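The lines below spell out each chain.
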Amino acid sequence: MNNKLSLQLFSKDVEKIKKLKEIKNDFYKTVGKESRHFYTDADVDRIIRRKRALWEKKLKKKSYEKTRIMEIKNIRKSVERLYKKEIINEAANKAKEILNSEGVYTSDRLLFKLVSYDEKETKDTIDELISLVKRSAKKENN
């Protein structure tokens with residue numbers, strides 16, 4: 001009896017080993033031979049060089065994009081400054097015409113201090129200056 005039991009146990013172990021070998025072979029078939037491949041130092045160096053080249057390429061692209069973004073921002077700021085200067089120049093010319101038509105003559109430097117980006121605010125300031133000059137002229141004449 002003892003012999004029969006031992007043979008039964010042994011046959012079960014053999015079956016388990018066969019099943020494990022089949023599973024292992026199926027795994028290698030689905031994954032491929034690369035999973036069993038051991039890399040040499042040259043292979044590792046080649047892989048590292050390739051990965052590093054890709055990383056450096058991405059880094060250069062990012063730095064190029066950052067510099068382009070900074071250039072675009074600087075151009076926008078320059079355009080905005082020029083636009084604001086143009087608005088101020090137009091407002092100063094218009095204010096000078098209004099003041100001259102009312103008989104009030106001022107320097108360009110003073111005009112640039114009086115005008116602003118807001119057209120309504122500039123008009124109010126110019127009207128106030130005209131009324132002050134007229135009031136002071138009336139006081140002098142009286």
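Everything below is about the structure printed above this text.
Residues numbered from 1 in each chain as written. Predicted model: local features only at pLDDT ≥ 70, side-chain atom pairs only at ≥ 80, totals over all residues. Heavy atoms only, no water.

Visitor: I'd like a rundown of the packing of helix α2 (residues 41–101) against helix α4 (residues 119–141), residues and numbers included.
Guide: Relative to each other, α2 and α4 sit at 30°, their axes nearing to 11 Å. One way to sum up the angle between α2 and α4 is to call them roughly parallel. The two elements α2 and α4 cross, and the hand of that crossing is right-handed. Here α2 contributes Ala91, Lys94, Ala95, Ile98 and Leu99 to the contact with α4, which in turn contributes Glu119, Thr122, Ile126, Leu129 and Ile130. (Axes fitted to C-alpha atoms, helices over the stretch in contact; angles between N-to-C directions. Helix = DSSP H or I, 4+ residues; strand = E, 2+ residues; numbered from the N terminus. Parallel < 35°, antiparallel > 145°, perpendicular 65-115°, else oblique. Left-handed = near helix turned anticlockwise from the far one by under 90°. Contact = heavy atoms within 4.5 Å.)

Visitor: If you had to explain the pattern of salt bridges to someone new, which residues and values would you point to?
Guide: When charged atoms on two side chains of opposite charge get close, those side chains can pair. The tally for this structure, following the rule as stated, stands at eight salt bridges. Of the charged contacts, one joins Lys134 and Glu102 as a salt bridge, the two residues approaching to 2.7 Å between their closest N and O atoms. Here Lys134, found in helix α4, pairs with Glu102, found in the loop between α2 and α3 (108–114); they are 32 residues apart in sequence, far enough to count as distant. With a relative accessible area of 40%, Lys134 lands in the partly exposed category. On the basis of relative accessible area, Glu102 is assigned to the partly exposed category, the value being 37%. (Salt bridge = Lys/Arg side-chain N within 4 Å of Asp/Glu carboxyl O. Buried < 20%, exposed > 50% of the residue type's maximum accessible area, 1.4 Å probe, protein only.)

Visitor: Break down α2 for me, with residues and values.
Guide: For α2, with 61 residues, the first-to-last C-alpha span of 89 Å sits near the 90 Å given by 1.5 Å per residue. Of the surrounding elements, those touching the buried residues of α2 are α3 and α4. At the exit of α2 stands Gly103, carrying a positive phi of roughly 85°. (Expected span 1.5 Å × (residues − 1).)

Visitor: Describe the packing of aromatic side chains, with residues and values.
Guide: Overall, the coordinates contain zero aromatic pairs when judged by the stated rule. Positioned above the aromatic ring of Tyr117 is the side chain of Lys84, whose terminal nitrogen or guanidinium carbon lies 5.7 Å from the ring centre. (Phe/Tyr/Trp six-rings, centres within 6.5 Å; stacked < 30°, edge-to-face > 60°. Lys NZ or Arg CZ within 6 Å of the ring centre and 35° of its normal.)

Visitor: Any chance you could break down the nonpolar core for me, citing the residues and the numbers?
Guide: Judged by nonpolar contacts, Ile88, Ala91, Ala92, Ala95, Leu99, Val104, Leu111, Leu114, Val115, Ile126, Leu129 and Ile130 together constitute the single largest core of twelve residues. For this core, the secondary structure elements donating two or more residues are α2, α3 and α4. Once you skip the residues sitting within four places of it in the chain, Leu111 turns out to touch Ala92, Ala95, Lys96, Leu99 and Thr106. (Core = buried A, V, L, I, M, F, W, Y, C linked by side-chain atoms within 4.5 Å.)

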